[in-house]
Amino acid sequence: MTSESDLLATALRAAEAAATVHRRYAGKLRGESVQRKGRADFVSRVDLEAQHAALSVIRERHPEHRILSEEDDGETGPSTPAASHAEGPIWIVDPLDGTTNFLHDHPAYAASVGVWTGGDAVAGAVIAEATEERWWALRGEGAFRNGTRIRTSPLRDLSTALIGTGFPFKHPEQLPGYLKDFARVLLSTAGIRRGGAAALDLCYLAQGSLDVFWEGTLAPWDIAAGVVILREAGGVATRRGGGQIAADESGSVVAANSPELLEAMHALLGDR
């Protein structure tokens, strides 16, 4: 039987493999290597090569496990209902979170590899090659950044909290409602930051650089690793309205450094 520490070791190795591809292409990618998936949504040669590198590590070490990854290039099968609740681990991989940032040589991009089993996050690794930062966590063993244990911030007053968010660029129909939320949050807190890579946002929340994070729609690979890192650092994450996050489903995310601040954020957003 595979131990949970073995799963973390694989997550780290797979994320490192993807990050090696990031390093090879950083600042060098040409326009013809980029394809448009949707409005302001791109896939590059780097996404595909990084995915292949990460998945090769997982398949070599755990050939019997299921994999869900962002880029549909024939390497992974489609997501199936309740996949995260099926028996055995499921690997959830974002080979390059923040592709648009990467294409513009903006440092907010990362490789994210999470593993869930029985509907729960077990281990995760997020590697930001541009800033030489590595976050990882194992269920029940804490969260770490570059080898040093991290904790969420102790702040409990929403009016002085720094908030992370993501714009609904893939879902323009959500923009009117989001802008109302944005205005309410901006006027009720210390400020809002938008980095463009949710995996990093959750790591910043875990290490206390943000106090709260919310976004209307995120895919499983955007958050699979970040959720376990955040939880092990003392934070909490739910859907809007308080629903449980499932590994294989897209949806909203509201996350905070504590249950108290999470409840305050839900109230501010009108979820309570």
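Residues numbered from 1 in each chain as written. Predicted model: local features only at pLDDT ≥ 70, side-chain atom pairs only at ≥ 80, totals over all residues. Heavy atoms only, no water.

A. A look at the sheet that holds strand S14 (residues 251-256). An order of S11-S10-S12-S14-S13 is seen for the 5 strands of this open sheet, with the pairing classed as mixed. With one partner strand each, in any of the chains shown, strand S11 (191-193) and strand S13 (236-238) form the two edges of the open sheet. Averaged over all pairs of adjacent strands, the angle between their axes in this sheet comes to 20°, without regard to strand direction. In terms of strand pairing, strand S10 (residues 162-165) meets strand S12 (residues 212-218) through 3 bridges, oriented parallel. Bridge pairing links Ile163 to Val212 in S12. Contacts from helix H4 (residues 175-188) reach S10, S11 and S12, with the element oriented near 180° to S12. Its contacts with the sheet put helix H5 (residues 198-206) on S10, S12 and S14, and the angle it makes with S12 is roughly 155°. (Pairing = 2+ DSSP bridges. Helix = DSSP H or I, 4+ residues; strand = E, 2+ residues; numbered from the N terminus. Axes fitted to C-alpha atoms, helices over the stretch in contact; angles between N-to-C directions. Contact = heavy atoms within 4.5 Å.)

B. A look at the pairing of S10. Sheet analysis places S10 next to S11, joined by 3 bridges and oriented parallel. Looking across to S11, one finds that Ile163 is bridged to Ile192. Handedness of the β-α-β unit built from S10, H4 and S11 comes out right-handed. (Right-handed = clockwise from strand over helix to strand, strands pointing away.)

C. Spotlight on unusual backbone geometry. We note that Asp105 has phi near 60°; this positive angle belongs to a residue other than glycine. Residue position: Asp105 is located in the loop between helix H3 (99-103) and strand S5 (110-117). The exposed category is assigned to Asp105, whose relative accessible area is 53%. Non-glycine residue Asn146 carries a positive phi angle of around 50°. With respect to the element layout, Asn146 can be found in the loop between strand S8 (143-145) and strand S9 (148-149). Under the relative-accessibility criterion, Asn146 is labelled partly exposed at 37%. (Buried < 20%, exposed > 50% of the residue type's maximum accessible area, 1.4 Å probe, protein only.)

D. Here's a closer look at the confidence of the model for the protein chain. For the protein chain, mean pLDDT is 90; residues scoring 70 or higher make up 88% of the total. Here residues 74-85 is modelled with pLDDT under 50, and outside its nearest four sequence neighbours on either side it reaches 27 contacts, counting other chains as well. (pLDDT = per-residue confidence, 0-100.)

E. Region of interest: the sheet that holds strand S6 (residues 120-128). Across the sheet, 7 strands lie side by side as S3-S4-S5-S6-S7-S8-S9; this open sheet has mixed pairing. The sheet terminates laterally at strand S3 (66-69) and S9, the two strands that pair on one side only. For S3 and strand S4 (residues 90-97), the ladder comprises 4 bridges, and the chain directions are parallel. For Leu68, the partnering residue across the bridge sits in S4 and is Ile92. Lying over the sheet, helix H2 (residues 45-61) contacts S3, S4 and S5, oriented at roughly 150° with respect to S4. Of the strands in this sheet, S3, S4, S5, S6, strand S7 (133-138), S8 and S9 touch helix H6 (residues 220-232), which is tilted by about 105° from S6.

F. Structural context of the pattern of salt bridges. Applying the stated criterion to the full structure yields 13 salt bridges. Bridged by salt links that share partners, the residues Glu4, Asp120, Arg139 and Arg231 form one connected network. (Salt bridge = Lys/Arg side-chain N within 4 Å of Asp/Glu carboxyl O.)

G. Geometry of the side chain of Asn101. Among the secondary structure elements, Asn101 is positioned in helix H3. Residue Asn101 is classed as buried on the basis of its relative accessible area of 12%.

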